[in-house]
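Close look at the chain arrangement
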Amino acid sequence: MIGKLKGTIDEIGDDYVLVDVHGVCYEVFCSSRVLSRIGSLGEAVVLFIETYVREDQFKLFGFLTALEREWFNLLQSVQGVGAKVALAVLSTLTPSELANAIALQDRTAVSRAPGVGPKVAMRIVTELKNKAPAFAGEASTNIGLKQEIGEGVASAPVSDAVSALTNLGYSRDQAANAVAAALKNGGEGADSAKLIRLGLKELAR
């Protein structure tokens, strides 16, 4: 199995890149986010690879980080999600944004991906909610709290603070991030007013 490719970019297509490795060109299918960030023709590139071997096909899927590759596989554990849909989701959301959407049970964010309808988005946020922290990367410290908010079991001060910041025009994800940071600084016993004040400071940075 191929786990990683190091070479130069020979060609960039709508959904793939040809990577020249010592004269052998590998066709690697990628998300649009990856294709927009890998560089230009002739430049060096390193891609983490997921190899698909089927009776009728042999495909390589490429990612800039191992975390993206893990999310690609995790997404496909959801019923109705194949490689194409998983790439569409990763084209629309970064791993951190995806982890946040799942923790907040924000199916609207997930359904922005092409080919992802409301039912599939619901399955993604529902079936992966307990797996999100392990794949959240840098966002992992906030995921536990976000899951509590998304499931409606967060404490009243936390829920009230998130609601107040959302009413001020911030997105639910921004509000949740800010309150999570505020909770660390203000302590578990902080009331909603303190969390809102500290949250606004976080958002002003």
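First things first, this report covers the structure right here in the doc. (Residues numbered from 1 in each chain as written. Predicted model: local features only at pLDDT ≥ 70, side-chain atom pairs only at ≥ 80, totals over all residues. Heavy atoms only, no water.)

Some thoughts on the overall build of the protein
Stated formally: The helix and strand labels rest on DSSP assignments: H or I over at least four residues marks a helix, E over at least two residues marks a strand, and numbering proceeds from the N terminus. Note on contacts: a residue pair is in contact if any heavy atoms of the two residues lie within 4.5 Å.
Helix and strand content of the protein: ten helices and five strands. Nonlocal contacts in the protein, meaning residues at least 24 apart in sequence, comprise 52% of its contacts between residues at least 6 apart.

Description of the environment of S91
Heads up, the rule is: Two N or O atoms form a polar contact when they lie within 3.5 Å of each other; inside protein one atom must be a possible hydrogen donor and the other a possible acceptor, and for residues adjacent in sequence the pair counts only when both atoms belong to side chains.
Considering the arrangement of structural elements, one finds S91 in helix 3 (residues 83-92). Sequence separation between S91 and S32 is 59 residues, and the spatial gap between their C-alpha atoms is 5.1 Å. Setting aside anything within four residues of it in sequence, one finds S91 in contact with S31, S32 and R33. Of note is the side chain of S91, whose polar atom sits 2.9 Å from the backbone nitrogen of S32.

A look at the sheet that holds strand 1 (residues 4-12)
The strands that make up a sheet are held in pairs by hydrogen bonds between backbone atoms, and each pair lies either parallel or antiparallel. The condition is simple: In this scheme, strands are said to pair when DSSP sees at least two bridges between them. To obtain an axis, a line is fitted to C-alpha atoms, over the contacting stretch when the element is a helix, and the angle between two such axes runs from 0 to 180 degrees between their N-to-C directions.
As summarised here, the arrangement of the five strands in space is 1-2-3-5-4, forming a closed barrel in which the pairing is mixed. Sheet twist, expressed as the mean angle between neighbouring strand axes with direction ignored, is 55 degrees. Judged from the five bridges that link them, strand 1 and strand 4 (residues 44-54) form a sheet pairing that is antiparallel. Residue pairing across strands places L5 opposite L47, the latter belonging to strand 4. Set on the sheet, helix 2 (residues 66-75) makes contact with strand 4 and strand 5 (57-63); between it and strand 4 the angle comes to about 20 degrees.

What about a negative patch on the surface?
Rule in force here: For patch building, the residue pool is restricted to those with more than 30% relative accessible area and no salt bridge; the joining distance is 9 Å between like charges and 5 Å between nonpolar side chains (Val, Leu, Ile, Met, Phe, Trp, Tyr). Working definition of accessibility: Shrake-Rupley area with a 1.4 Å probe, residue cover restricted to the visible protein chains. By convention in these notes, a salt bridge is any Lys or Arg side-chain nitrogen within 4 Å of a carboxyl oxygen on Asp or Glu. The positive count covers Lys and Arg only, the negative count covers Asp and Glu only, and His and the chain ends enter neither. To locate a charge, take NZ of a lysine, CZ of an arginine, CG of an aspartate or CD of a glutamate.
Residues D10, E11, D14, D15 and E27 make up a contiguous surface patch of negative charge. Tracing the sequence through the fold places E11 in strand 1.

Thoughts on the nonpolar core
Quick reminder of the rule: Nonpolar core, defined: a set of buried Ala, Val, Leu, Ile, Met, Phe, Trp, Tyr and Cys residues in which side-chain atoms within 4.5 Å join the residues together. Each residue's exposure class comes from its accessible area (1.4 Å probe, protein chains only) as a fraction of the maximum for that residue type: buried when under 20%, exposed when over 50%, partly exposed otherwise.
Counting residues in each nonpolar core, the largest one holds 33 residues, and the members touching the most others are F72, L75, L98, V110 and I124. If you list the elements that add at least two residues to this core, you get strand 2 (16-21), strand 5, helix 2, helix 3, helix 4 (95-103), helix 5 (107-110) and helix 6 (118-127). Apart from residues no more than four positions distant in its own chain, F72 is found in contact with E50, Y52, F61, F63, A83, A86, L87 and L90. Counting residues in each nonpolar core, the second largest holds 14 residues, with L5, L35, L47 and I49 among its members.

Quick look at the packing of aromatic side chains
For clarity, the threshold we go by: Ring geometry is summarised as follows: Phe, Tyr and Trp rings, the Trp one being its six-membered ring, pair when their centres sit within 6.5 Å, and such pairs are stacked at plane angles under 30 degrees, edge-to-face over 60 and tilted between the two. Should the NZ of a Lys or the CZ of an Arg lie within 6 Å of a ring centre and within 35 degrees of the ring normal, that charge is described as sitting over the ring.
The final tally for this structure, using the stated rule, is five aromatic pairs. On the basis of an interplanar angle of 65 degrees and a centroid distance of 4.9 Å, the ring pair of Y52 and F61 is categorised as edge-to-face. Taking the relative accessible area as the measure of exposure, F61 reaches 5% and is therefore buried. One residue, K59, lies across the ring of F29, its end atom 5.0 Å from the ring centre.

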